[in-house]
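Observations on chain architecture
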Amino acid sequence: MLAGMGPVLLVWLAVCLGGTWAVDKGNFKTCEQSAFCKRQRAIKPGESPYRALLETMELTNTRLTLQLINDNNKVRLLLELYRLQGNITRVKINELKPLKPRYEVPDVLIREPPTEPLSLLSQDENGVVLSLGPESQRVIVSARPFRLDIVEGRDVLMSLNSRGLLGFEHLRMRKDTFSYKVTSTVASVWNNIKRVFSSSQADPEAENKEGADPANQDENTKEEEEKVEDGMWEETFKSHTDSKPNGPSAVSLDFSLPGVEHVYGIPEHADTLKLKTTDSGDPYRLYNLDVFQYELYNPMALYGGVPVMLAHNAQRTTGIFWLNAAETWVDISSNTAGKTVFGKMLDFVQGSSETPQTDVRWISESGIIDVFLMLGPTPRDVFSQYASLTGTQAFPPLASLGYHQCRWNYNDQEDVRSVDAGFDEHDIPYDFIWLDIEHTDGKRYFTWDPHKFASPKEMLQGLMDKKRKMVAIVDPHIKVDTNYKIHNEIRSRGFYVKNKDGGDYEGWCWPGSAGYPDFVRPDMRAWWASQFAYDQYEGAMENLYTWNDMNEPSVFNGPEVTMHKDALHGAWEHRDVHNLYGLYVHMATAQGLMERSGGVERPFVLTRAFFAGSQRYGAVWTGDNAAEWDHLKISIPMCLSLSLVGISFCGADVGGFFKSPSTELLVRWYQTGAYQPFFRAHAHLDTPRREPWLFGPENTALIREAVRQRYTFLPYWYQLFYLAYHTGEPVMRPLWVEYPQDPATFALDDEFLLGRDLLVHPVTEEGARGVTAYLPGKEEVWFDIHTFQKHNGGQNLYIPVTMSSIPVFQRGGSIIPRKLRVRRSSACMEHDPYTLYVALNNQRTAEGELYIDDGHTFNYEKKEFIHRRFSFSNNVLSSVDLEPGAQFTTKSWVERIIILGASKPSSITLKTADGVNQLEFDFDASMSVLTIRKPGMNAGADWTVTLQ
């Protein structure tokens, strides 16, 4: 694989792939080594230099604007405040008169968010109070120092700049440049002339006003206030120098959350679900990076970054969405609230000094402050608020919810054929087989190795004949080679990212010397999408899908293994857009897969790098993990953190990418992965092969059983993804989302819920003989899905386990449809019958849903689907149409109904449009399980089953 690579790349690979298999922390900056983070973090809580100039306030029906002034340097900022539909407040802060425009993130919001009227309630010299609608919610803007509080009744929900950490480095001219000297000399002369003429009038008020305007500043004052610190105009890390032509441009703001002890989100970090305080170490970092075998329980940046944090207590859930794509650091500290009275307007003090409080500070290198305060009050409200801004999870093709088999690399077409046959031989279902970078002709993406993959269509047709699919990798670094069509087109169209001097930016990646397409450009994205057309991408067929790796972007010889910050995307520096790059690659690729079918077929695209909004384009995985027990454990909080910020389609490499798992670890990882949204095994080039049947018949049987369980639950997974697409609710969720008033759930991250109705506690300890699962809900009952044993909620339950155990529980009160006839792929099961699992609660009721469509097109947008509601009460089970206007037919029927927690009936009747029939049944009195056999009604029909 290394043939033809240059010496620099070989050295990099030797360092990375040799010996230690561990992250070299020295390759990545700490806050102390990141000049802007160090500068901003040096500002300690205290009196803010910013005050609000209330006389500049303008209030229209939709927004409030107000100037802020920094009393130290007299620079003015413009504050904009909007009340948005759905209980969201937006706060924007920018320079009033920036030297040049500052970057504002495009393409992440799905539309300009609709506003609602703001009204002024009161105003005096200390500040203003605005109403946030019919509730008792208010925004209080205090003038001196500037502070913003959102209150509801007597409760403070959130405070901004309450610790005085608002920082806004204004753009300025560098003092040692010729143009600066000319400008400042002219300004100084002009100031002296004005002084001579104005001294006779001597209006102190006018002088005051003059001093407040940055344009009128005396040069000496400016000199005094703005001392130049290291790293403001140039910064060196290891051998790389960042030229910083625009100088310092960082922004920061603090938020206080009274009554809050638990905050979540801001992925991606290999850390616990509940975020930790950062007082004694580095802040959490959001800067998309290719981190070689990352360390666990660490705030270091990883492959993606979503600048969204959720805060939760038993009374309320809120969220903060910090819309900034530059390198960002997030500090979290614990405090107690109620120590300050803010403004003379308030005649009470919020809470007692014992109230817990979490303080958060966001620091970004450039751009503006643009923050959305999502005020809940419930977890579901926050999910729908965030979805209203950035969109929901793309509705995936059903097949992509099956099992995926991958490694770096399947060697050739014969290897693919043999692995495919191995699944049939061992009776293990799968839907997708994957090809990594070695399938290409010398790491030229959109091509095939002419010897190893000489007839890709023949290979794809072989998979299609078995109703299976393939994913091939397409990375966004393009081999610099004049014999390579893709490179020539990108270069001739001027589509590459430019270096600071205006030439095409080049770096080292898998192909050797590579160019990086400028995905920030809409015309570049449109061109990239066009390359997936069947007449462009030679060898592609409709069952070939795509995987975007290395899209942070990864640059092996770049600073921190990524692109230089002073590289150029048109008018903008890479520092402004860095965290957007992966989102744009994902967006363009998904667009290409859609366009190639004329907009008919749903795409499936996996990405490693991501940002807010990436959920609209496909799936994400947790990157290059390792075959270690702790990496298996961390997959749960990592995917839960992603789920909370809109990205539901998440998974981790089953078995671990690096190193070789023990058989026990591999089996436990399959059992865990089978209950996580994206289910793919993947492994490094240098690891021994690990197809599921290579570890002896006993382990093959255990892995087969885990994969088959996944396939039986595909109807439930599909319905959950349909719900996520419609509402923004996560598929995989922490327990506190459904039990928001139960503090025992707030920090749990070794178990999770799928939807509301399945609770999963995977076995993630080596040699485990038992696990303790928390079953939430004092009024709830939970049924073990394997034994049908009933357990009460509100308890820690010890569960003895063997190697075949996967502790999963169905909530009493739910109905889950499953398909028990598992075949070689999901498409082979399309017309198969359903078994309904009806788990009764203490009130002897239950409800659930079933969603069916063609599984792969966008026709559901034209109402071509079936959406049924099942409900059981008063001994009657019924199926009704949730969407009477929809049109779709299915050949599937209901072949069995299993009622858990049932009593024995004397008889059972089925009523359909065709009449009334008696049904056969069995009753297991020891377990209170009623099985109704062969009711036989069509899955799309209206029917009732009555127990007498």
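Numbering of residues starts from 1 in every chain and runs along the sequence as written. Owing to the predicted nature of the model, reporting of local features is limited to residues with pLDDT of at least 70; listing and counting of side-chain atom pairs is limited to 80 or more, with chain, interface and lining totals taken over all residues. As a rule here, side-chain values cover all heavy atoms of the structure and leave hydrogens and water aside.

What follows is about the overall build of the protein. Secondary structure elements follow DSSP: runs of H or I no shorter than four residues count as helices, runs of E no shorter than two count as strands, and numbering proceeds from the N terminus. When helices and strands are tallied, the protein shows 17 helices and 53 strands. Here the C-alpha coordinates of the protein stretch approximately 105 × 70 × 50 Å along the principal axes. The buried share among the 948 residues of the protein stands at 61%. Any pair of residues with heavy atoms lying within 4.5 Å of one another is described as a contacting pair. Put simply, 72% of the contacts in the protein that link residues at least 6 apart link residues at least 24 apart. Each accessible area value is a Shrake-Rupley result obtained with a 1.4 Å probe; residue values ignore everything except the protein chains displayed when judging cover. Split by element, the accessible area of the protein, about 34700 Å² in all, is 50% carbon and sulfur. Exposed residues in this analysis have more than 50% of their type's maximum accessible area, buried residues have under 20%, and partly exposed residues fall in between, with area computed by a 1.4 Å probe over protein chains only.

Right, let's get into the pattern of salt bridges. We count a salt bridge whenever a side-chain nitrogen from Lys or Arg sits within 4 Å of a carboxyl oxygen from Asp or Glu. Under the criterion given, the structure shown has 65 salt bridges. A salt bridge links Glu729 to Arg380; the nearest nitrogen and oxygen atoms lie 3.0 Å apart. With Glu729 in the loop between helix 16 (714-727) and strand 35 (732-733) and Arg380 in helix 6 (residues 379-390), the pair connects residues that are 349 residues apart, well separated along the chain. Given the relative accessible area of 29%, Arg380 is considered partly exposed.

Another point: the sheet that holds strand 24 (residues 478-479). Here three strands make up an open sheet; going across it, the order is 24-26-25 and the pairing antiparallel. Two strands close off the open sheet at either side, each with one partner strand: strand 24 and strand 25 (506-509). Here the rule is simple: two strands pair whenever DSSP picks up at least two bridges between them.

We now examine the state of the cysteines. The term disulfide is used for any two cysteine sulfur atoms that are within 2.5 Å. A complete count under the given rule lists two disulfides for this structure. The residue that forms a disulfide with Cys31 is Cys37, at a sulfur-sulfur distance of 2.0 Å. Its torsion about the S-S bond being -100°, the disulfide of Cys31 and Cys37 is classed as left-handed. Considered together, Cys31 and Cys37 belong to a single accessibility category, that of buried residues. Covalent S-S linkage joins Cys639 and Cys650, the inter-sulfur distance amounting to 2.0 Å. Around the S-S axis, the bridge from Cys639 to Cys650 shows a dihedral of about -75° and counts as left-handed. On the criterion of sequence distance, the pair formed by Cys639 in helix 13 (residues 629-644) and Cys650 in strand 32 (residues 650-651) is long-range, its members being 11 residues apart. Comparing Cys639 with Cys650, the two get one shared label, buried. With cysteine numbering restricted to those in disulfides and following the sequence, the protein has the pairing 1-2, 3-4. Cysteine Cys406 shares no disulfide, and the gap to the nearest cysteine sulfur, in Cys650, comes to 16 Å. We classify Cys406 as buried; its relative accessible area is 2%.

Another point: helix 14 (residues 663-673). Extensive coverage of helix 14 is indicated by the burial of nine of its 11 residues. Taken as a whole, helix 14 has its buried residues at Leu665, Leu666, Val667, Arg668, Trp669, Tyr670, Gln671, Thr672 and Gly673. Buried residues belonging to helix 14 abut strand 21 (403-405), helix 13, strand 33 (653-654), strand 34 (679-681) and helix 15 (697-712).

Right, let's get into the packing of aromatic side chains. Two descriptors summarise a pair of aromatic rings, namely the distance from one centre to the other and the angle between the planes of the rings. Pairing of aromatic rings covers Phe, Tyr and Trp, the last through its six-membered ring, and needs centres within 6.5 Å; plane angles under 30 degrees mean stacked, over 60 mean edge-to-face, and all others mean tilted. Under the counting rule described, the total for this entry stands at 54 aromatic pairs. Ring geometry for Trp448 against Phe453: centres 6.4 Å apart, planes inclined by 45°, an arrangement best described as tilted. Taking the relative accessible area as the measure of exposure, Trp448 reaches 9% and is therefore buried. On the basis of relative accessible area, Phe453 is assigned to the buried category, the value being 1%. When the centroid spacing of 4.9 Å and the interplanar angle of 75° are considered together, the rings of Phe657 and Phe658 count as edge-to-face. When sorted by exposure, Phe657 lands in the same class as Phe658, which is buried. What links up through ring pairs into an aromatic cluster is the set Phe432, Trp434, Tyr545, Trp547, Phe604, Trp621, Phe649, Phe678 and Phe721. Geometrically, a charge over a ring is one whose NZ (Lys) or CZ (Arg) sits within 6 Å of the ring centre while staying within 35 degrees of the ring normal. Across from the ring centre of Tyr837, 4.8 Å away, lies the NZ or CZ of Arg818, which sits over that ring.

This part is about the pairing of strand 50 (residues 915-918). Where strand 49 (residues 908-912) meets strand 50, four bridges bridge the pair, whose relative direction is antiparallel. Across the sheet, the residue bridging to Thr909 is Gln918, located in strand 50. Two successive antiparallel strands, strand 49 and strand 50, enclose a turn made up of two residues.

Attention shifts here to the pairing of strand 26 (residues 512-515). In terms of strand pairing, strand 24 meets strand 26 through two bridges, oriented antiparallel. Opposite Lys479, over in strand 26, you have Ala514 as the bridge partner. As judged from the four bridges shared by strand 25 and strand 26, these two strands associate in the antiparallel manner. If you follow Trp508 over to strand 26, its bridge partner there is Ser513. A loop of two residues connects strand 25 with strand 26, the two strands running antiparallel in sequence.

What follows concerns the nonpolar core. Most often, soluble globular proteins have nonpolar side chains that are buried together. Think of a nonpolar core as a cluster: buried Ala, Val, Leu, Ile, Met, Phe, Trp, Tyr and Cys residues, connected wherever their side-chain atoms sit within 4.5 Å. Counting 177 residues, the largest nonpolar core has Phe321, Trp528, Phe604, Tyr670, Tyr675 and Leu754 as its most contacted members. Looking at which element gives the most residues to this core, the answer is helix 13, with nine residues.

A few words now on unusual backbone geometry. Of note, the bond from Trp408 into Asn409 is cis; its omega dihedral lies within 30 degrees of zero at 10°. Along the chain, the position of Asn409 falls in the loop between strand 21 and helix 7 (413-425). The step from Glu552 to Pro553 runs through a cis peptide bond, and the omega angle for that step is 5°. With respect to the helices and strands, the residue Pro553 is situated in the loop between strand 27 (544-548) and strand 28 (568-569). You will see that Lys244, though not glycine, has its phi angle at about 45°, which is positive. In this structure, Lys244 sits in the loop between strand 12 (240-242) and strand 13 (251-258). The class for Lys244 is buried, based on a relative accessible area of 4%.

Our focus in this paragraph is the environment of Val128. With respect to the helices and strands, the residue Val128 is situated in strand 6 (residues 127-131). Note: C-alpha distance between Val128 and His867 (739 residues apart in sequence) is 50 Å.

Bringing the confidence of the model for the protein into the picture now. Averaged over all residues, the pLDDT of the protein equals 93, while 91% of them reach at least 70. Scored between 0 and 100, pLDDT is the confidence that the predictor attaches to each residue. Overall, residues 1-20 carries pLDDT values under 50, and its contacts beyond four positions in sequence, including any with other chains, amount to 27 contacts. For the stretch residues 196-225, pLDDT sits under 50, and the model shows 23 contacts to residues farther than four places along the chain or on other chains.

As a further point, take the sheet that holds strand 20 (residues 369-374). Spatially, eight strands are ordered 1-2-3-4-20-17-16-14 in an open sheet, and the strand pairing comes out antiparallel. Only two strands of the sheet have a single partner each, and these edge strands are strand 1 (50-59) and strand 14 (262-265). Sheet twist, expressed as the average angle between the axes of neighbouring strands with direction ignored, equals 20°. Pairing of strand 17 (residues 317-322) with strand 20 involves four bridges; the strand directions are antiparallel. Following the sheet pairing, Phe321 is matched in strand 20 by Phe372. Helix axes are fitted only over the stretch in contact, all axes being lines through C-alpha atoms; the angle between N-to-C directions runs from 0 to 180 degrees. The strands touched by helix 6 within the sheet are strand 3 (76-84), strand 4 (88-95), strand 16 (308-312), strand 17 and strand 20, with strand 17 carrying the most contacts at an inclination of about 25°.

Take the side chain of Thr745 next. Among the structural elements, Thr745 can be located in the loop between helix 17 (735-738) and strand 36 (752-754). Using a relative accessible area of 0% as the deciding quantity, one classes Thr745 as buried. N or O atoms closer than or at 3.5 Å make up a polar contact, with two conditions inside protein: a donor-capable atom paired with an acceptor-capable one, and, for residues adjacent in sequence, both atoms drawn from side chains. A distance of 3.4 Å separates a polar atom in the side chain of Thr745 from the backbone oxygen of Tyr739. Only 2.7 Å separates the side chain of Thr745 from the backbone oxygen of Asp742, close enough to count as a polar contact. Setting aside its immediate chain neighbours within four residues, Thr745 contacts Leu735, Trp736, Tyr739, Tyr774 and Pro776.

In contact at an axis separation of 7 Å, helix 10 (residues 522-530) and helix 12 (residues 581-595) are set at 45° when each is read in the N-to-C sense. With respect to helix 12, the element helix 10 is oriented oblique. The chirality of how helix 10 crosses helix 12 is right-handed. Residues Arg525, Trp528, Ala529 and Ser530 of helix 10 touch helix 12, and the partners they reach there are Tyr584, Val585, Met587, Ala588, Thr589, Gln591, Gly592 and Glu595. Angle categories are assigned with fixed cut-offs, so that under 35 degrees is roughly parallel, over 145 is roughly antiparallel, 65 to 115 is roughly perpendicular, and the rest are oblique. Left-handed describes a crossing whose near helix is turned anticlockwise from the far helix through less than a right angle; right-handed describes the clockwise counterpart.

With that settled, the discussion passes to the side chain of His578. Mapped onto the elements, His578 comes out in the loop between helix 11 (574-577) and helix 12. Using a relative accessible area of 0% as the deciding quantity, one classes His578 as buried. In this structure His578 touches Tyr287, Asn288, Ala325, Glu552, Pro553 and Thr562, once residues within four positions along its chain are discounted.

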